[in-house]
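A structural walkthrough
So you can see what is in the structure, the chains are spelled out below.
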Amino acid sequence: MTFKVATLSLSSSALKIKKGDISQWFVDGFSDAIVNSANERMLGGGGCDGAIRRAAGPELLEACYRVPEVGFGIRCPTGEARITPGFKLPASHVIHTVGPIYGVTINPEASLRSAYKNSLSLAKANNIQYIAFPAISCGLYCYPHEEAATIAISTVKEFANDFKEVHFVLFTDDLYNLWLKKANELLSFS
Ligand code: AR6
């Protein structure tokens, strides 16, 4: 698959914006993680979650079952994050996070920001050097794309220096072009 790639410099790391399938993303030879836009049960779904689970194989589901429930059927509350190995994925880890359901979750902006922040904190705690995000909540969970892009890029910018590279892997041309436009507005380039 050909990735369109835009690289933007932050102070000591790089932000890369790509078009592609996040389930195929990895950085060879380094501690890396993809972020899964999951649901609170963590037992599967469609979209990004479905693609990641198909590529990871059944051990990912088994690992998710082992994540302790913190409420009835809930393994990862909205805005939080959990980590598992990547199993058959090219990436070594999966960080599962849950974005807000737009129109349902109270204060969706804070929840979306937390989903990015908690994913980055968990990645840092696990010595991940390269991390890739999809457009969390921008599919089934219906977050308006322009606002989601602003939250995603501004939040990642605050934490990016803890990583060698932070990537966004966007599935469509529209999202790729929007992320690039927002990154140009929100980041200064060297
Ligand atoms: N690689 C990168 N991005 C993808 C891929 C992929 N392979 N497939 C879809 N996307 P969604 P949400 C994009 O619906 O809105 C699941 O069922 C997609 O185009 O995957 O957070 C979970 O189990 C969109 O831009 O996640 C939850 O129930 C973005 O990923 C629920 O969906 C997010 O779309 C979570 O909804």
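The text that follows walks through the structure, step by step, so that each part is easy to find.

Reading guide: rules and limits
- Residues numbered from 1 in each chain as written.
- Predicted model: local features only at pLDDT ≥ 70, side-chain atom pairs only at ≥ 80, totals over all residues.
- Heavy atoms only, no water.
- Helix = DSSP H or I, 4+ residues; strand = E, 2+ residues; numbered from the N terminus.
- Buried < 20%, exposed > 50% of the residue type's maximum accessible area, 1.4 Å probe, protein only.
- Polar contact = N/O pair within 3.5 Å; in protein donor to acceptor, adjacent residues only side chain to side chain.
- Contact = heavy atoms within 4.5 Å.
- Pairing = 2+ DSSP bridges.

Let us look at the side chain of Ser 137. For Ser 137, the position within the fold is in the loop between β6 (130–133) and α4 (145–159). Residue class for Ser 137 comes out buried when judged on its relative accessible area of 3%. A polar contact is formed between the side chain of Ser 137 and the backbone oxygen of Pro 100, at a distance of 2.8 Å. Setting aside residues up to four positions removed in sequence, Ser 137 forms contacts with Ser 37, Gly 99, Pro 100, Leu 112, Cys 142 and Tyr 143.

Glancing now at the pairing of strand β2 (residues 14–19). The two faces of a sheet get side chains in turn, since along a regular strand they alternate between them. Counting buried positions along β2 gives 5 out of 6 residues, so the element sits mostly inside the fold. Where β2 lies against strand β7 (residues 165–170), 6 bridges are found, and the strand directions are parallel. Within β7, the residue paired with Lys 19 across the bridge is Leu 170.

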